Amino acid sequence: QVQLVESGGGLVQAGGPLRPSCAASGRTFSRYAMGWFRQAPGKEREFVAAISWSGGSTVYADSVKGRFTISRDNAKNTVDLQMNSLKPEDTAVYYCAAPSLPGRPPSSVAYEFWGQGTQVTVSS
């Protein structure tokens, strides 16, 4: 059973950094792309960033390009989201996600496993 556990959310002032992390278990982590999504109050969940199984390929939503960086450590089964220059509109619950199919490109695979989410609040 795939388990994803996020941590590292919190309250930060606009312009500050935050680095949520996701710990995965239940299967061979290094075979699968990983992604981060977010959902703000009253809005649908949206894609934020994703990374290939090797870490060699990343993709970002336009709204976070140049500010967020996704990375993974296949030895530790973790995927992080370094968030810099945070804005109040980045406030949301951030979810870690994983696909059921291995070896697929991070931008085109369907994400079917989800963590419980971690709250990120950016104050103005």
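Conventions adopted
Residues numbered from 1 in each chain as written. Predicted model: local features only at pLDDT ≥ 70, side-chain atom pairs only at ≥ 80, totals over all residues. Heavy atoms only, no water. Core = buried A, V, L, I, M, F, W, Y, C linked by side-chain atoms within 4.5 Å. Buried < 20%, exposed > 50% of the residue type's maximum accessible area, 1.4 Å probe, protein only. Helix = DSSP H or I, 4+ residues; strand = E, 2+ residues; numbered from the N terminus. Contact = heavy atoms within 4.5 Å. Polar contact = N/O pair within 3.5 Å; in protein donor to acceptor, adjacent residues only side chain to side chain.

K.L.:
Got a minute to help me understand the nonpolar core in this structure?
P.N.:
Here is a general trend for soluble globular proteins: nonpolar side chains tend to be buried in one another's company. One finds M34, W36, V79, L81 and Y94 to be the most contacted residues of the largest nonpolar core, which totals 28 residues. When residues of this core are traced back to their parent elements, those giving at least two are β3 (21-25), β4 (34-39), β5 (46-51), β7 (68-73), β8 (78-83), β9 (92-99) and β11 (118-123). Ranked by residues supplied to this core, first place goes to β9 with four residues. Leave out the neighbours within four places in its chain, and Y94 touches E6, W36, F37, R38, V48, F68, L81, M83, G117, T118 and V120.

K.L.:
Honestly, the environment of T121 in this entry has me stumped. Any pointers?
P.N.:
By secondary structure assignment, the location of T121 is in strand β11. The partly exposed category is assigned to T121, whose relative accessible area is 28%. Separated by 107 residues in sequence, T121 and A14 have C-alpha atoms that sit 9.4 Å apart. Residues within four places of T121 in sequence aside, it is in contact with G10, L11, V12 and T91. A polar atom in the side chain of T121 sits 3.3 Å from the side chain of Q119.

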